[in-house]
Amino acid sequence: MSAVAINTSVPRLDAGTVAAVLVTIIAWASAFPGIRVGLTAFGPAELGAIRFGVAAIPAIVFLLHTRPQMPTWSEAWRFAYGGVVFVAFYTTLLNFGELTVSAGAASFIINVAPIFTAFMAMLFLGERFSRLAWLGTFVSFAGIGLIALGEGEGIKVDQGALLILGAAFCTASTTIVQKPLFRRHKPLTVSAANMVIGALALSWALPSGIAQASSASFEALVSVIYLGIVPSFVAYGSWAVALSRLPASRATNFLYCVPPTATLMGFLWLGEVPGVAGIIGGLMALGGVVLVNLKR
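Residues numbered from 1 in each chain as written. Predicted model: local features only at pLDDT ≥ 70, side-chain atom pairs only at ≥ 80, totals over all residues. Heavy atoms only, no water.

Section: the nonpolar core
Grouped together as the largest cluster of nonpolar side chains are 86 residues, with contacts concentrated most on Trp28, Phe52 and Tyr236. The element that contributes the greatest number of residues to this core is helix α10 (residues 218-245), accounting for 10 residues. Those residues in contact with Trp28, other than ones at most four positions away along the chain, are Phe86, Pro231, Ala235, Tyr236, Trp239, Leu255 and Val258. (Core = buried A, V, L, I, M, F, W, Y, C linked by side-chain atoms within 4.5 Å. Buried < 20%, exposed > 50% of the residue type's maximum accessible area, 1.4 Å probe, protein only. Helix = DSSP H or I, 4+ residues; strand = E, 2+ residues; numbered from the N terminus. Contact = heavy atoms within 4.5 Å.)

Some remarks on the packing of helix α8 (residues 187-202) against α10
Between α8 and α10, the least distance of the axes is 8 Å, while the angle of their chain directions is 140 degrees. Looking at the two axes, α8 sits oblique to α10. At the point where α8 passes α10, the crossing takes the right-handed sense. Taken together, the residues of α10 that come into contact with α8 (itself represented by Pro187, Leu188, Ser191 and Met195) are Ser232, Phe233, Tyr236, Gly237, Ala240, Val241 and Ser244. In terms of residue class, the contact of α8 with α10 is built from 7 nonpolar, 4 polar and no charged. (Axes fitted to C-alpha atoms, helices over the stretch in contact; angles between N-to-C directions. Parallel < 35°, antiparallel > 145°, perpendicular 65-115°, else oblique. Left-handed = near helix turned anticlockwise from the far one by under 90°. Nonpolar A, V, L, I, M, F, W, Y, C, P; charged D, E, K, R; others polar.)

A few points about the packing of helix α3 (residues 73-97) against helix α7 (residues 159-178)
To describe two helices that pack against each other, one gives the angle between their axes and the distance between the axes. It is the contact of α3 with α7, at a shortest axis distance of 8 Å, that shows an interaxial angle of 160 degrees. One way to sum up the angle between α3 and α7 is to call them roughly antiparallel. You can see that α3 and α7 cross each other, and the crossing is left-handed. Partitioned by chemical class, the residues of the contact of α3 with α7 number 16 nonpolar, 8 polar and 1 charged.

As for the pattern of salt bridges
If charged atoms from side chains of opposite charge come close, those side chains can pair. Scanning the model with the defined rule gives 2 salt bridges in all. Measuring nitrogen to oxygen at the nearest pair gives 3.4 Å for the salt bridge that ties Asp14 to Arg245. With Asp14 in the segment before α1 (15-38) and Arg245 in helix α10, this pair connects stretches of sequence that are 231 residues apart. A relative accessible area of 38% places Asp14 in the partly exposed class. Since its relative accessible area comes to 34%, Arg245 is described here as partly exposed. As a salt-bridge pair, Glu75 and Arg184 come within 2.6 Å of each other at their nearest N and O atoms. Here Glu75 is found in helix α3, whereas its partner Arg184 is found in the loop between α7 and α8, with 109 residues between them in sequence. We classify Glu75 as buried; its relative accessible area is 9%. The exposure class assigned to Arg184 is partly exposed, which follows from its relative accessible area of 38%. (Salt bridge = Lys/Arg side-chain N within 4 Å of Asp/Glu carboxyl O.)

Focus: α10
For α10, which comprises 28 residues, the first-to-last C-alpha distance of 39 Å matches the rise-based estimate of 40 Å (1.5 Å per residue) to within 8%. For α10, the principal kink sits at Ala235 and spans about 35 degrees. (Expected span 1.5 Å × (residues − 1). Bend = angle between axes of the 7 residues up to and from the residue.)

A short note on the side chain of Ser173
Assignment of secondary structure puts Ser173 in helix α7. In contact with Ser173, not counting residues within four places along its chain, are Tyr81, Val85 and Met120.

Everything listed here is a matter of geometry and, on its own, says nothing about what the molecule does.
This is the structure we're talking about:
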């Protein structure tokens with residue numbers, strides 16, 4: 001990939017961009033417990049196949065209704081990359097990783113993605129990332145580390161951790177690869193195409209996923225349908241909107257808000273009280289995001 005200068009700066013976060021960011025944060029925060037529930041009845045690959053098979057249905061309806069322009073040959077690989085890497089590879093790596101890695105540790109490892117993205121955005125997109133922004137990034141990252149350590153299980157480097165690290169790279173690299181698509185294509189078109197291509201890439205696991213569904217619990221079935229609609233179809237769309245309006249490095253920095261939001265959800269819905277380290281870590285993660293967005 002060669003360097004591509006793209007003017008993506010905005011004077012400030014407008015209401016539409018803020019809404020897209022908030023929807024993405026809340027939806028993706030809810031995905032982690034949803035995945036854990038789904039894995040009680042489905043294999044990692046089968047869970048991904050069912051999840052994005054569900055997401056592909058409204059995506060296909062959307063594409064048929066809007067009839068977007070076809071990509072050029074130079075754009076086609078970027079669409080394919082999003083579906084195969086950001087959907088199929090990402091969900092498979094994350095699902096397999098969560099078999100052995102705790103939720104807190106997983107959220108810490110996956111949040112290497114904004115750091116990967118910042119480096120690649122400077123290299124390939126010509127974006128600038130100030131010293132204050134780097135400070136905010138590392139403050140947030142340290143905060144996520146405290147949340148993970150606050151679980152009391154520590155962070156160990158095993159095969160599962162390496163798989164989740166691979167998932168983080170999938171997120172970062174797709175952000176860079178698909179950013180230029182927003183010059184000519186609408187964000188929802190890009191996200192819908194990702195759903196369809198990703199579902200096709202995972203279709204090899206669909207027959208065994210359907211077989212597992214026949215004996216799955218009601219809770220697991222509801223979980224996989226929820227994963228397909230909210231954290232997939234809806235959140236991938238809202239993320240594409242945010243990415244189309246913000247520089248790649250700045251947009252991904254908002255993902256540091258996902259673990260604190262997941263912690264808050266656990267407290268409100270499940271009565272899970274975070275420890276002191278978790279609370280401090282959450283505040284650090286949010287504070288780092290504020291630093292990145294100062295003077296914007």
